[in-house]
Amino acid sequence: DRTRDRRRTVRIAWEKLLRWSRSWRSKANTDILQTTNKVVVLGGGSFGTAMAAHVANRKSELEVNMLVRDPVVCQSINDNHCNCHYFPQHKLPQNLIATTDAKTALLGADFCLHAVPVQFSSSFLENIADYVDPTLPFISLSKGLELNTLRMMSQIIPQALRNPRQPFVALSGPSFALELMNKLPTAMVVASKDKKMTNAVQQLLASSHLRISTSSDVTGVEIAGALKNVLAIAAGIVEGMNLGNNSMAALVAQGCSEIRWLATKMGAKPTTITGLSGTGDIMLTCFVNLSRNRTVGVRLGSGEKLDDILSSMNQVAEGVSTAGAVIALAQKYNVKMPVLTAVARIIDNELTPKKAVFELMNLPQV
């Protein structure tokens with residue numbers, strides 16, 4: 001009888017959930033997708049390509065333009081419908097085209113997805129600023145901090161475009177490009193100070209295999225997205241040194257605390273750091289072999305030199321350049337961040353991974 005009652009309770013709870021879901025979907029607004037005619041994606045890397053393909057698949061009449069730097073990639077996308085550098089085996093939608101001409105790409109665009117690495121974003125945007133409509137919403141896919149200025153993308157984009165009112169949305173969360181391309185279930189967050197803008201981007205991007213949550217905490221989403229890359233290098237170092245599961249769990253837990261300490265000092269909400277764009281992204285980047293930043297850490301922990309590691313990679317590991325900026329921010333906000341500071345010291349070749357572990361283990365027991 002108890003088993004039957006328990007099953008009945010579970011069934012009723014599930015049915016209530018499904019009824020709520022059907023009711024919510026029936027009220028969902030899809031006007032934005034219907035009225036959007038053109039989306040431009042800046043950057044021809046793996047994540048930019050995956051998001052371009054995703055948006056193009058949302059509506060066959062939608063024109064999606066990718067602005068790429070490499071003529072070979074451009075030709076590959078237009079002639080063979082694939083990105084030969086990153087996804088040679090994946091067919092891209094017919095309504096996705098590439099160009100190397102910024103004016104052509106941006107002309108008449110309703111939304112812009114920015115997928116250029118953080119360290120190159122400012123100069124890139126300054127060069128195309130004349131072609132950018134002042135009302136064009138920018139959806140930033142880039143995660144990191146600009147090394148010398150400590151700026152986030154929410155600061156870089158309007159300043160580089162010389163338009164403080166340029167609409168801005170940050171997109172973040174646990175999302176490997178390959179799994180997006182394979183249409184595996186994924187959940188992400190869009191954040192903006194403008195609630196109408198987050199709702200619009202949610203309508204544009206949400207699909208049966210991509211859930212999009214909304215947030216007003218731009219700082220929290222951006223800081224978590226930047227700092228998790230540095231923590232992933234630390235996790236990789238632990239893996240490369242074969243230090244075991246106990247130390248991995250302790251390191252990532254400590255790193256999560258450090259990210260929360262700094263982010264909340266900067267005005268972020270603690271719930272953002274424990275959500276999709278925080279803990280969710282941290283878990284994916286720290287524990288899965290597809291992570292570029294974790295791979296850098298594994299190779300550092302195995303004894304390789306940073307220059308050799310970076311020269312052998314065809315993608316940017318943002319955590320390498322972000323590490324130093326993180327420590328500068330920590331000093332600015334008076335936050336102690338031993339794990340992330342150790343990563344920056346290792347990257348600067350001022351500390352060996354073995355010495356870093358010794359120093360961290362001998363910090364005061366508090």
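Criteria and thresholds
- Residues numbered from 1 in each chain as written.
- Predicted model: local features only at pLDDT ≥ 70, side-chain atom pairs only at ≥ 80, totals over all residues.
- Heavy atoms only, no water.
- UniProt positions renumbered as here; feature names shortened; annotations may be inferred.
- Helix = DSSP H or I, 4+ residues; strand = E, 2+ residues; numbered from the N terminus.
- Patch = residues over 30% accessible without salt bridge, like charges linked within 9 Å, V, L, I, M, F, W, Y side chains within 5 Å.
- Areas by Shrake-Rupley, 256 points an atom, 1.4 Å probe, with all protein chains shown as cover.
- Salt bridge = Lys/Arg side-chain N within 4 Å of Asp/Glu carboxyl O.
- Lys, Arg positive; Asp, Glu negative; His and termini not counted.
- Charge placed at Lys NZ, Arg CZ, Asp CG, Glu CD.
- Buried < 20%, exposed > 50% of the residue type's maximum accessible area, 1.4 Å probe, protein only.
- Right-handed = clockwise from strand over helix to strand, strands pointing away.
- Pairing = 2+ DSSP bridges.
- Axes fitted to C-alpha atoms, helices over the stretch in contact; angles between N-to-C directions.
- Parallel < 35°, antiparallel > 145°, perpendicular 65-115°, else oblique.
- Left-handed = near helix turned anticlockwise from the far one by under 90°.
- Contact = heavy atoms within 4.5 Å.
- Nonpolar A, V, L, I, M, F, W, Y, C, P; charged D, E, K, R; others polar.
- Domains from an automatic or database assignment.
- Buried area = accessible area lost by both parts, 1.4 Å probe.
- Polar contact = N/O pair within 3.5 Å; in protein donor to acceptor, adjacent residues only side chain to side chain.

1. Observations concerning the UniProt feature "domain: Glycerol-3-phosphate dehydrogenase NAD-dependent N-terminal" (unreviewed entry) in the protein
Turning to step 1, where the next piece is worked out: The sites that UniProt annotates as "domain: Glycerol-3-phosphate dehydrogenase NAD-dependent N-terminal" (unreviewed entry) are residues 38–197.
Turning to step 2, where the next piece is worked out: End-to-end, the C-alpha atoms of residues 38–197 are 17 Å apart, and along that stretch the chain is 34% helix and 20% strand.

2. Re a positive patch on the surface
Turning to step 1, where the next piece is worked out: A cluster of like positive charges, contributed by Lys-16, Arg-19, Arg-22 and Arg-25, occupies part of the molecular surface.
Turning to step 2, where the next piece is worked out: Within the fold, Arg-19 resides in helix α1 (residues 2–27).

3. Quick word on the pairing of strand β2 (residues 63–67)
Turning to step 1, where the next piece is worked out: Taking burial as the measure, the 5 residues of β2 include 4 buried ones, the bulk of the element.
Turning to step 2, where the next piece is worked out: For the handedness criterion, the β-α-β arrangement of strand β1 (residues 38–42), helix α3 (residues 46–58) and β2 is classed as right-handed.
Turning to step 3, where the next piece is worked out: When β2 meets strand β3 (residues 96–99), the two strands line up parallel, connected through 4 bridges. Each residue of the ladder has a partner; that of Val-64, found in β3, is Leu-96.

4. Digging into the packing of helix α6 (residues 118–128) against helix α7 (residues 153–160)
Turning to step 1, where the next piece is worked out: Their axes nearest at 8 Å, the elements α6 and α7 cross at an angle of 20 degrees. The angle between the axes of α6 and α7 places the two elements in the roughly parallel class. Like other packed secondary-structure pairs, α6 and α7 cross with a definite hand, here right-handed. Two secondary-structure elements touch here, α6 through Val-118, Ser-121, Ser-122, Leu-125 and Glu-126 and α7 through Met-153, Ile-156, Ile-157 and Ala-160.
Turning to step 2, where the next piece is worked out: Here the residues of the contact of α6 with α7 sort into 6 nonpolar, 2 polar and 1 charged.

5. Digging into the sheet that holds strand β6 (residues 168–172)
Turning to step 1, where the next piece is worked out: Taken together, the 8 strands give an open sheet; going across it, the order is β3-β2-β1-β4-β5-β6-β7-β8, and neighbouring strands pair in mixed fashion. Both edges of this open sheet fall to β3 and β8 (210–215), since each of them pairs with a single strand only. Strand-to-strand twist in this sheet, taken as the mean axis angle between neighbours without regard to direction, amounts to 25 degrees.
Turning to step 2, where the next piece is worked out: Helix α9 (residues 195–205) rests against β1, β4 (111–114), β5 (138–140), β6, β7 (186–191) and β8 of the sheet, and its axis sits at about 180 degrees to β8.

6. Notes on the pattern of salt bridges
Turning to step 1, where the next piece is worked out: If you walk through the whole model with that rule in mind, you get 9 salt bridges.
Turning to step 2, where the next piece is worked out: Two residues, Glu-15 and Arg-11, come together in a salt bridge whose shortest N-O distance is 3.9 Å. In this pair, Glu-15 and Arg-11 both sit in helix α1, 4 residues apart, roughly one turn of the helix.
Turning to step 3, where the next piece is worked out: With a relative accessible area of 45%, Arg-11 lands in the partly exposed category.
Turning to step 4, where the next piece is worked out: With a closest N to O distance of 2.5 Å, Arg-345 and Glu-350 form a salt bridge.
Turning to step 5, where the next piece is worked out: According to the relative accessible area criterion, Glu-350 is partly exposed, its value standing at 48%.
Turning to step 6, where the next piece is worked out: Each of Lys-143, Lys-228 and Asp-281 takes part in one network of salt bridges that share partners.

7. Concerning the domain arrangement of the protein
Turning to step 1, where the next piece is worked out: According to the domain assignment, the protein consists of domain 1 (1–29), domain 2 (31–216) and domain 3 (220–362).
Turning to step 2, where the next piece is worked out: Each of domain 2 and domain 3 has a C-alpha centre, and the two are 26 Å apart.
Turning to step 3, where the next piece is worked out: Listed by partner, the interface residues are 31 residues for domain 2 and 29 residues for domain 3.
Turning to step 4, where the next piece is worked out: When the two sides are added together, the surface that domain 2 and domain 3 hide from each other amounts to roughly 2300 Å², 68% of it contributed by carbon and sulfur.
Turning to step 5, where the next piece is worked out: Among the residues domain 2 hides against domain 3, the three largest losses belong to Lys-143, Leu-145 and Phe-176. Together they make up 28% of the total.
Turning to step 6, where the next piece is worked out: At the junction of domain 2 and domain 3, the tally comes to 1 salt bridge.
Turning to step 7, where the next piece is worked out: The interface formed by domain 2 and domain 3 includes 6 residue pairs in polar contact (both at pLDDT 80 or more).
Turning to step 8, where the next piece is worked out: When contributions to the side of domain 2 that touches domain 3 are tallied by element, the ones reaching two or more residues are α6, α7, β6, β7 and β8.

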